[in-house]
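Single-letter residue listing:
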Amino acid sequence: QVQLVESGGGLVQPGGSLRLSCVASGSIFSVGPMGWYRQAPGKQRELVADLSSHDSTDYADSVKGRFTIWRGNNKNTVYLQMNSLKAEDTAVYYCYRDQLGRRYWGQGTQVTVSS
């Protein structure tokens, strides 16, 4: 089993910033893709940012230029820097890690952008 623990969510005003982190532990034996999805009430879960095994990145159009994803030096931690936050960014953010064809998920962390 792979366990993922997110942290860093919270309440922030529009225009503010948050940094999310996700630490993978358990049966980890390779560098795998990691990233973030988010889901707001009444909306589909959407990919926010992805890191490949070789650290190439992909971002949703809605967050390009505002969010940045990177891997920690231990290769099992992923970060998401969220700047210029908008109300539309309010959602539960889930990190994931892929290994041996399976996708493992964290429990999610709530991000609320409101004045």
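Here is what the cut-offs are and how they apply
- Residues numbered from 1 in each chain as written.
- Predicted model: local features only at pLDDT ≥ 70, side-chain atom pairs only at ≥ 80, totals over all residues.
- Heavy atoms only, no water.
- Phe/Tyr/Trp six-rings, centres within 6.5 Å; stacked < 30°, edge-to-face > 60°.
- Helix = DSSP H or I, 4+ residues; strand = E, 2+ residues; numbered from the N terminus.
- Buried < 20%, exposed > 50% of the residue type's maximum accessible area, 1.4 Å probe, protein only.
- Lys NZ or Arg CZ within 6 Å of the ring centre and 35° of its normal.

Asks: For this particular structure, what's the right way to read the packing of aromatic side chains?
Replies: How two aromatic rings sit relative to each other is set out by the distance from centre to centre and by the angle between their planes. For the structure shown, the criterion picks out 4 aromatic pairs. On the numbers, 5.3 Å between centres and 65 degrees between planes, the contact of Tyr37 with Trp105 is edge-to-face. Of the two residues, Tyr37 sits in strand S4 (residues 34-39) while Trp105 sits in strand S10 (residues 102-105), which places them 68 residues apart along the sequence. Looking at Tyr37, the relative accessible area reads 17%, which means it is buried. Overall, Trp105 belongs to the partly exposed group, its relative accessible area being 34%. Grouped by ring-pair contacts, the aromatic residues Tyr37, Tyr96 and Trp105 constitute a single cluster. Over the aromatic face of Trp105 sits the side chain of Arg45, whose NZ or CZ is 4.7 Å from the ring centroid. Sitting above the plane of the Tyr96 ring, Arg103 keeps its charged end 4.1 Å from the centroid.

Asks: What's the story with unusual backbone geometry in this structure? I'm lost.
Replies: Glycine aside, negative phi is the norm for most residues, and most peptide bonds take the trans geometry. Here the phi dihedral of Lys75 falls at roughly 70 degrees; this positive angle occurs in a residue that is not glycine. A positive phi angle, close to 55 degrees, is found at Leu100, a residue other than glycine. When its relative accessible area of 70% is taken as the criterion, Leu100 is described as exposed.

Nothing here speaks to function; it is all geometry.
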